[in-house]
Amino acid sequence: MPLQVPPAPAPALRSVLAALSSPTAVRDARTPALQSVQGPLTPELPLPVHVLDHVTPSGGRTSGPDGRTPRTRLAGWRFLIRSGERTVAAADTMLTADGWTFSRFFEGPYLTATERALRQADSLTTTYQPRLLSVPELYMLTLWLHGDMSADAATGSPDPADILVPLAPAPPGIAAHRPHRVAELLPMIGLRLTPPPLLRTPA
């Protein structure tokens, strides 16, 4: 079933459109694919980027104040930049004191992995609201498939029944593009953040 892509804040979209129309912004970006494109460029498939904060070493404690709900915060909105049917780059926006503003253009493995994960999700039998969830401590990014279609895409935390799809490159021990329920993947993340035991030295 098709994904239900949430609408991005209008100022965030406007800031990306302004950057795309700026020769300086495109020229200064480290995105050869974007710079070499001839013809119009379109920002599509906006995805809210959430960050999983305060991840603790224990999977059972990878949670928010209530002890159960993971604690997340909105870090920005990401747009895929299309040239015709081809995705050539992505654009990030961030919230500042003056509102939503363009942050950067980029390309690379996460862009390809995001597209692949979205195709995977689009073939599922259940409709989801797509988001991105970042775990900075593991340099990990996942496609977060949220089951509540009516939810505000800028808020909320992963439900245990939501699906997370780790994007490539994924951390060691976590398979990229293998869908996991939140209740399954968060303990795995917690285990990978457990510090190694201190080696006892002889007295």
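Described in the following lines is the structure provided in the data block. What you see is a predicted model, and the numbers here were worked out from it, not measured in a lab.

### Some details on the overall build of the protein chain
Right, so step 1: Helix and strand counts for the protein chain stand at five helices and eight strands.
Right, so step 2: Along the protein chain, helices and strands appear, N-terminal first, in the series α-α-α-β-β-β-β-α-β-β-β-β-α.
Right, so step 3: Out of the 203 residues in the protein chain, the part that is buried amounts to 43%.
Right, so step 4: Long-range contacts, defined here as pairs at least 24 residues apart, represent 58% of the contacts in the protein chain between residues at least 6 apart.
Right, so step 5: As displayed, the protein chain offers around 10700 Å² of accessible surface, 57% of which is attributable to carbon and sulfur atoms.

### Things to note about helix H4 (residues 109-122)
Right, so step 1: End to end, H4 covers 20 Å across 14 residues, agreeing with the expected 20 Å (1.5 Å per residue, within 8%).
Right, so step 2: Taken together, the buried positions of H4 are Leu 111, Ala 113, Thr 114, Ala 117, Leu 118 and Ala 121. Buried residues of H4 fall within an arc of 165° about the axis and therefore sit on the same side. Exposed and oriented more than 90 degrees from the buried face of H4 are Pro 109, Thr 112 and Arg 119.

### Considerations on the pattern of salt bridges
Right, so step 1: Scanning all chains against the criterion turns up four salt bridges.
Right, so step 2: Measuring nitrogen to oxygen at the nearest pair gives 2.7 Å for the salt bridge that ties Arg 78 to Asp 92. You can see Arg 78 sitting in strand E2 (residues 72-83) and its partner Asp 92 sitting in strand E3 (residues 86-96), a full 14 residues away along the chain.
Right, so step 3: Using a relative accessible area of 10% as the deciding quantity, one classes Asp 92 as buried.
Right, so step 4: Between Arg 104 and Asp 92 there is a salt bridge whose closest N-O contact spans 3.1 Å.

Analysis parameters
- Residues numbered from 1 in each chain as written.
- Predicted model: local features only at pLDDT ≥ 70, side-chain atom pairs only at ≥ 80, totals over all residues.
- Heavy atoms only, no water.
- Helix = DSSP H or I, 4+ residues; strand = E, 2+ residues; numbered from the N terminus.
- Buried < 20%, exposed > 50% of the residue type's maximum accessible area, 1.4 Å probe, protein only.
- Contact = heavy atoms within 4.5 Å.
- Areas by Shrake-Rupley, 256 points an atom, 1.4 Å probe, with all protein chains shown as cover.
- Expected span 1.5 Å × (residues − 1).
- Arc of directions from axis to C-beta.
- Salt bridge = Lys/Arg side-chain N within 4 Å of Asp/Glu carboxyl O.

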